[in-house]
Amino acid sequence: MDKLDTWLAAQSSRRRFLGQAALGGAALAAGPALAQSLVDLHLPGGNAGRPMTSAFPGKGSMILQRMHPPLLETPMEVFDRDVFTPNDQFFVRWHWADIPTSIDVDTFRLTVRGHVNRPLSISLAQLLRLPRVEMAAVNQCSGNSRGLFQPRVPGAQWGNGAMGNAKWLGVRLRDILDFAGVKPGAVQVRFGALDQPVVAGAPDFEKALDIDHAHDGEVMIAFGMNGEQLPLLNGFPCRLIVPGWYSTYWVKMLNDIEVLPGPDDEYWMAKAYKIPATPGANVKPGAKDFPTVPINRMIPRSWVTSLGEGQAIAFDQTIPLGGIAMGGDCGVAKVDVSTDGGRTWYHTRLGPDHGKYSFRRWDTQVPLPARGNVRLMSRCWNTAGVAQPMAPIWNPGGFMRGNIETTNITAS
Ligand SMILES: Nc1nc2c(c(=O)[nH]1)N[C@H]1C(S)=C(S)[C@@H](COP(=O)(O)O)O[C@H]1N2
Ligand SMILES: [Mo]
């Protein structure tokens, strides 16, 4: 935590935070210059080329999905380097384009209000003095891999890079709620942020969690990410961390916590991010009228990362193969791999365990069946005994993809 502590110490002697965030703000407002090279996301519906850009504040080389609001995808090779995704290549997703481009760290306040005994207005300095916790957790967009849905569904056509894993440092939401004193009869807690809709009357981005979930001691308010401050685009100065749940709940630039005596019936909970109330969120392509529930817990996933889609390698009897896995809402139990499209499966060796919500590395040495096209697959079982299925699901939101993915390579 060295870098973060140095930065935090520096803030106390400064009137305004004019570091990375403010600098980035200028670049963000100006709009990044469009880039150099194209990357192929291999989306089955076509139109899979995307420009690479490194013009966004605090961000290195990223796949540009959309400019306003910024949607930046992490290139797959980043996940091969480390189970922790570097801050400068961590994916970015915002719903509204009106994002503050600088934050005054002295006047910033996190309010806690609603169904509580003591409404609070917490300064950043106060937040930083509370007992700290750190946790590794995967932040994955509900629509990660949406571009792989067949038939295609509307929404950002993400490849597999709308996800990332980081060590989040912050405070327990439970501690804040206890300090405010939640009144009996509280049902949900709603989280609001500094970003604003660009269209008048459009719904402000807010999400809610059930009171027991909000109070479970795992949900965090994070101000540190991999030992540094949060990049502006990932929610500086603080964001919600909801381990094991899709990142639609991980509200960035969090500045408002409202305890509710009833369920949140605003747009982002009642209408958006709803999945079919069916096993695996699966319905027949084209289906429309079905009961829905708000998206919630993540499911196991895994990817081959040591080789990329379409890569050509020299044929050998056996080859090294590696990748990453996540258990979803619990840990990774095992990962098996196939080099023949799922007929034969081989065990892999799991890398260090960074906690049940983290990515886990896997590696192995596998035989190649023959020269030519090879279909590589990986399959994760989580510690609850849930395994990735072979068949993909479909739903109109393009949410919760989790089937076994295939990486096609050629060996000659
Ligand atoms: N304030 C705010 N928080 C937000 C959002 C948003 O639009 N505004 N989008 C959510 C969604 S849908 C995703 S996928 C994640 C993305 O987190 P990241 O940009 O840090 O990767 O932020 C979540 N938190
Ligand atoms: Mo998302």
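Only a predicted model underlies this, so the values are computations on that prediction, with no experimental measurement involved. (Residues numbered from 1 in each chain as written. Chains lettered and ligands numbered in written order. Predicted model: local features only at pLDDT ≥ 70, side-chain atom pairs only at ≥ 80, totals over all residues. Heavy atoms only, no water.)

### A closer look at helix 5 (residues 173-180)
Along an α-helix, residues three or four positions apart point the same way, because every turn accommodates 3.6 residues.
Logical step 1: Of all the positions in helix 5, only Leu173, Ile176, Leu177 and Ala180 are classed as buried. The arc that holds every buried residue of helix 5, seen down its axis, measures 95°, which confines them to one face. (Buried < 20%, exposed > 50% of the residue type's maximum accessible area, 1.4 Å probe, protein only. Helix = DSSP H or I, 4+ residues; strand = E, 2+ residues; numbered from the N terminus. Arc of directions from axis to C-beta.)

### A few points about the sheet that holds strand 10 (residues 188-193)
Logical step 1: Strand order across the open sheet formed by 5 strands is 7-6-15-10-11, with mixed pairing between neighbours. The open sheet has two free edges, formed respectively by strand 7 (120-123) and strand 11 (207-210), since each of these has just one partner strand. Taken pair by pair, the neighbouring strands of this sheet meet at an average axis angle of 20°, ignoring direction.
Logical step 2: Relative to strand 11, strand 10 runs antiparallel, the two being bridged by 4 bridges. Pairing of Val189 across the sheet is with Leu209, part of strand 11.
Logical step 3: Against the sheet, helix 5 engages strand 6 (109-114), strand 7, strand 10 and strand 15 (254-260), with an angle of about 135° to strand 7. (Pairing = 2+ DSSP bridges. Axes fitted to C-alpha atoms, helices over the stretch in contact; angles between N-to-C directions. Contact = heavy atoms within 4.5 Å.)

### Section: the pattern of salt bridges
Logical step 1: Following the criterion strictly, the structure yields 12 salt bridges and no others.
Logical step 2: Here Arg301 ties to Glu405 by a salt bridge, and the two come within 3.0 Å at their closest N and O atoms. One end of the pair, Arg301, is in strand 18 (residues 301-304); the other, Glu405, is in the loop between strand 25 (372-382) and strand 26 (406-411), and 104 residues separate them in sequence.
Logical step 3: Using a relative accessible area of 10% as the deciding quantity, one classes Glu405 as buried.
Logical step 4: With its nearest N and O atoms 3.8 Å apart, the salt bridge here joins Lys334 to Asp336. (Salt bridge = Lys/Arg side-chain N within 4 Å of Asp/Glu carboxyl O.)

### Let's talk about the packing of aromatic side chains
Logical step 1: Evaluation of the coordinates by the stated rule reveals 11 aromatic pairs.
Logical step 2: Their ring planes at 80° and their centres at 5.8 Å tell us that Phe90 and Trp168 sit as a pair that is edge-to-face. Placement of the pair is Phe90 in the loop between helix 3 (77-81) and strand 5 (92-93) and Trp168 in strand 9 (residues 163-172), with a sequence separation of 78 residues.
Logical step 3: Look at Phe90 and you get buried, because its relative accessible area is 0%. (Phe/Tyr/Trp six-rings, centres within 6.5 Å; stacked < 30°, edge-to-face > 60°.)

### Concerning the site of ligand 1
Logical step 1: Close to ligand 1 lie 20 residues, the nearest being Phe91, His95, Asp195, Arg239 and Lys252.
Logical step 2: For ligand 1, an oxygen atom lies 2.6 Å from a polar atom in the side chain of Arg239.
Logical step 3: Contact with the protein chains covers 100% of the free accessible surface of ligand 1, which is 530 Å².
Logical step 4: Residues of the shell around ligand 1, tallied by class, amount to 11 nonpolar, 5 polar and 4 charged. (Near = heavy atom within 4 Å. Polar contact = N/O pair within 3.5 Å; in protein donor to acceptor, adjacent residues only side chain to side chain. Areas by Shrake-Rupley, 256 points an atom, 1.4 Å probe, with all protein chains shown as cover. Nonpolar A, V, L, I, M, F, W, Y, C, P; charged D, E, K, R; others polar.)

### Focus: the nonpolar core
Logical step 1: Counting 96 residues, the largest nonpolar core has Leu127, Trp168, Ile221, Leu240 and Ile257 as its most contacted members.
Logical step 2: Two domains each put at least three residues into this core: domain 1 (3-16 + 99-272) and domain 2 (301-411).
Logical step 3: In this structure, Phe315, Val337, Leu368 and Cys380 belong to the second largest nonpolar core, which totals 18 residues. (Core = buried A, V, L, I, M, F, W, Y, C linked by side-chain atoms within 4.5 Å. Domains from an automatic or database assignment.)

### Brief notes about the domain arrangement of the protein
Logical step 1: The domain architecture assigned to the protein consists of domain 1 (3-16 + 99-272) and domain 2 (301-411).
Logical step 2: A separation of 31 Å is found between the C-alpha centroids of domain 1 and domain 2.
Logical step 3: At the interface, 24 residues of domain 1 touch 21 residues of domain 2.
Logical step 4: Interface of domain 1 and domain 2: buried area, both sides summed, is about 1,800 Å²; carbon and sulfur atoms make up 60% of it.
Logical step 5: If you look at where domain 1 meets domain 2, you find 0 salt bridges.
Logical step 6: Where domain 1 meets domain 2, there are 10 residue pairs in polar contact (both at pLDDT 80 or more).
Logical step 7: Secondary-structure elements contributing two or more residues to the side of domain 1 that touches domain 2 are strand 8 (133-140) and strand 9.
Logical step 8: When residues of the side of domain 1 that touches domain 2 are assigned to their parent elements, the largest contribution, 5 residues, is made by strand 8.
Logical step 9: A per-class count over the side of domain 1 that touches domain 2 returns 12 nonpolar, 10 polar and 2 charged. (Buried area = accessible area lost by both parts, 1.4 Å probe.)

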